[in-house]
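# Architecture and fold: a report
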2 protein chains.
Amino acid sequence: MPKALVYVTYKAGVLDPQGEAVRGALSSLGFKGVNDVRVGKYIEIEIDDTGNIHDDLERMCHDLLANPVIEDYRIEMADESTNGERQ
Amino acid sequence: MPKALVYVTYKAGVLDPQGEAVRGALSSLGFKGVNDVRVGKYIEIEIDDTGNIHDDLERMCHDLLANPVIEDYRIEMADESTNGERQ
């Protein structure tokens, strides 16, 4: 079954408070040299092959998974041969 | 500057309520054939090259970014040549 990987990230210039918090926490834990942290979403979607997957995924991202005003998204299809890696 | 990409996902078998909610919402929006959705985190870290990046990233994931009891993580280094893609 096809598996889509969706990456949702804040657009450049949009403040990322969660990323800032992580950066501060890493610094408190003693990690030096961490200059910037951005936290986004990583979504795996197992979907039947209806022949129209790419259009569907595009609409899913636009309508539900991302906020296109402040977020970018990127869609990849998982390589079937490596699907078992995390199963 | 090196940029690390960290993917944090629930281990197989761990209930993912957020993924379930997304699956239900996609179904409500009329998307057919969505069988499973898993939501994880995608973290971009810009870090100075101290010569010890990989060990540091491993510890960051283990100590802060992921909960190793229920989550898996994967670390990749971004290809410098494609770094500009999302800047």
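A short tour of the structure in this document, coming up. (Residues numbered from 1 in each chain as written. Chains lettered and ligands numbered in written order. Predicted model: local features only at pLDDT ≥ 70, side-chain atom pairs only at ≥ 80, totals over all residues. Heavy atoms only, no water.)

### As for the overall build of chain A
Cut-off, in case you're wondering: Secondary structure elements follow DSSP: runs of H or I no shorter than four residues count as helices, runs of E no shorter than two count as strands, and numbering proceeds from the N terminus. For the radius of gyration, the atoms used are the C-alpha atoms, and the globule rule reads 2.2 Å times the number of residues raised to 0.38. Residue exposure (1.4 Å probe, protein chains only): buried if accessible area is under 20% of the type maximum, exposed if over 50%, otherwise partly exposed. Every residue pair with non-hydrogen atoms within 4.5 Å of one another is taken to be in contact. Surface accessibility follows the Shrake-Rupley procedure with a 1.4 Å probe radius. Residue values consider only the protein chains on display as shielding. By the counting scheme adopted, Arg and Lys are positive, Glu and Asp are negative, and His together with the chain ends is not counted. Lysine's charge is taken at NZ, arginine's at CZ, aspartate's at CG and glutamate's at CD.
When helices and strands are tallied, chain A shows 2 helices and 3 strands. Ordered by position from N to C terminus, the α and β elements of chain A give β-α-β-α-β. Relative to the globule expectation of 12 Å for 87 residues, the C-alpha radius of gyration of chain A, 16 Å, shows a markedly less compact shape. In terms of overall dimensions, chain A has C-alpha extents of about 50 × 35 × 15 Å along its principal axes. Considering chain A as a whole, with its 87 residues, one finds that 37% of them fall into the buried category. Look at the contacts in chain A between residues 6 or more apart in sequence, and 69% of them connect residues 24 or more apart. As presented, chain A carries roughly 4,600 Å² of accessible surface, and 48% of it is formed by carbon and sulfur atoms. Across chain A, the mean location of the 9 positive side-chain charges is 10 Å away from that of the 17 negative side-chain charges.

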